[in-house]
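# Observations on chain architecture
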Amino acid sequence: MSMISLAYDALKRTSVAEDPFPHVVVPHFIGNDDLQTVVSELPEMASGGSFPPESLKLTPNVAAMINELQGPKLKALIAEKFGLDLLDAPTMLTVRGRTREKDGRIHRDSEAKLVTILLYLNPRGEDWTSRDGCLRLLRGPDDVEDYAVEVVPAEGTLLVFPNGPKTWHGHRQFVGTRYAIQLNYMATGRKAQYELGRHRLSALVKRLPFSG
C-alpha cells in the first residue's frame, strides 16, 4: 500500500468548469508533506521527454502511487464527473522530469486519448512567478496568450479534461525541471492500440543500458 494519500474527496467536490472546455482543477491532490516525499524519491530524469514507469527505477512509495493512479477508483470518479463510459478504457501513463525548448507548443492531444490527466509534482517557487511553464487552457490554436485558465504546475495540482476538437493547450517556453505525471484513458480502436504499442516499446528501449 502507498503511504501517499490522494485527495479523492476534493476531486469529488470540484465542479466541472466549462471555459474554455470542460475540465477540473484540484489543488493539493497530493498534500504538501506527501509531495515532499514523492519529489525526494522520484528517479533522476536528466533528459527531456516522457518516460513510461516501466523504464524507471521507482521506490515502493512512488510505484504504489503510480499503480493507484491507474486504478479503478480514480477512473470511476472521472467517468462519473464527466458522464463518460471508461469501464473498458486502457490506461497509459508517463512521467516527465524536464521540459525542453520545444515542449509546450499549442496542441490538442491525440483522438486516441479519451481523457487527459496531469498531476504536477513541483514545489511552488520562483520558477513559476514568470508564468513560463504554466499550462494554459486556450480559446484557440493560434495564441498562447489567449487563454481562459492557467494552471501553475506545482503543489500536487491535478488537471483533468476529456479530449475534443477544441481542447487546445500549451505553455510559454520553459527549460528546466518540471515534474509531471500524465495519465490517459485510451480509446480501443486501432489508433489507440498503435499508441499503446509504441508506449510499451518506448518502455523497453529506455530500460536498455545504452539508452541513457
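Residues numbered from 1 in each chain as written. Predicted model: local features only at pLDDT ≥ 70, side-chain atom pairs only at ≥ 80, totals over all residues. Heavy atoms only, no water.

### Description of the packing of helix 2 (residues 32–41) against helix 3 (residues 60–69)
- Where helix 2 contacts helix 3, the axes come no closer than 9 Å and their chain directions differ by 110°. Taken as axis vectors, helix 2 and helix 3 run roughly perpendicular relative to one another. Handedness of the crossing formed by helix 2 with helix 3: left-handed. Only Asn61, Val62 and Met65 of helix 3 make contact with helix 2, whose side of the interface consists of Thr37, Val38 and Glu41. (Axes fitted to C-alpha atoms, helices over the stretch in contact; angles between N-to-C directions. Helix = DSSP H or I, 4+ residues; strand = E, 2+ residues; numbered from the N terminus. Parallel < 35°, antiparallel > 145°, perpendicular 65-115°, else oblique. Left-handed = near helix turned anticlockwise from the far one by under 90°. Contact = heavy atoms within 4.5 Å.)

### Considerations on the nonpolar core
- Of all hydrophobic cores here, the largest spans 38 residues; its most connected members are Phe29 and Ile78.
- If one sorts the elements of this core by residue count, helix 4 (residues 72–82) sits on top with five residues.
- If we ignore the near neighbours within four places in the chain, the residues touching Ile78 are Leu11, Leu86, Val115, Ile117, Val160 and Tyr185.
- Grouped together as the second largest cluster of nonpolar side chains are ten residues, Leu135, Leu137, Val151 and Ala180 included. (Core = buried A, V, L, I, M, F, W, Y, C linked by side-chain atoms within 4.5 Å. Buried < 20%, exposed > 50% of the residue type's maximum accessible area, 1.4 Å probe, protein only.)

### Overview of the packing of aromatic side chains
- Counting across every chain of the model gives three aromatic pairs.
- Relative to Phe29, the ring of Tyr8 lies with its centre 6.0 Å away and its plane at 90°, an arrangement referred to as edge-to-face. Of this pair, Tyr8 sits in helix 1 (residues 8–13) while Phe29 sits in the loop between strand 1 (24–26) and helix 2, placing them 21 residues apart in sequence. Judged on exposure class, the residue Tyr8 and its partner Phe29 are both buried. (Phe/Tyr/Trp six-rings, centres within 6.5 Å; stacked < 30°, edge-to-face > 60°.)

### Description of the side chain of Asn184
- Inspection of the secondary structure assignment puts Asn184 in strand 9 (residues 176–186).
- Given the relative accessible area of 2%, Asn184 is considered buried.
- Not counting residues within four places of it along the chain, the set of residues in contact with Asn184 comprises Pro90, Thr91, Met92, Asp109, Lys113, Val115 and Thr116.

### Some words on the sheet that holds strand 5 (residues 135–138)
- Pairing is antiparallel across the open sheet formed by three strands, whose spatial order is 6-5-8. The sheet is open, and its two borders are formed by strand 6 (147–151) and strand 8 (169–170), each paired with just one other strand.
- Where strand 5 meets strand 8, two bridges bridge the pair, whose relative direction is antiparallel. Paired with Leu137 across the strands is His169, a residue of strand 8. (Pairing = 2+ DSSP bridges.)

### Describing the sheet that holds strand 1
- As summarised here, the arrangement of the six strands in space is 1-7-4-9-3-2, forming an open sheet in which the pairing is antiparallel. Looking at the sheet topology across the chains shown, the edges are occupied by strand 1 and strand 2 (50–51).
- The strands that helix 4 touches are strand 1, strand 3 (91–99), strand 4 (113–120), strand 7 (158–162) and strand 9; relative to strand 9, the one it contacts most, it runs at about 75°.

### A look at the pattern of salt bridges
- Inspection of every chain in the model, using the stated rule, returns nine salt bridges.
- Its salt-bridge partner being Arg96, residue Asp103 comes within 3.6 Å of it at the nearest N-O pair.
- A relative accessible area of 26% places Arg96 in the partly exposed class.
- Two residues, Arg172 and Asp132, come together in a salt bridge whose shortest N-O distance is 3.1 Å. With Arg172 in the loop between strand 8 and strand 9 and Asp132 in the loop between strand 4 and strand 5, the pair connects residues that are 40 residues apart, well separated along the chain.
- Judged by relative accessible area, Arg172 falls into the partly exposed class, the value being 27%.
- Asp132 gets classed as partly exposed once you look at its relative accessible area, which sits at 23%.
- Salt bridges linked by common partners bring Arg131, Asp132, Arg136, Glu145, Glu150 and Arg172 together as one network. (Salt bridge = Lys/Arg side-chain N within 4 Å of Asp/Glu carboxyl O.)

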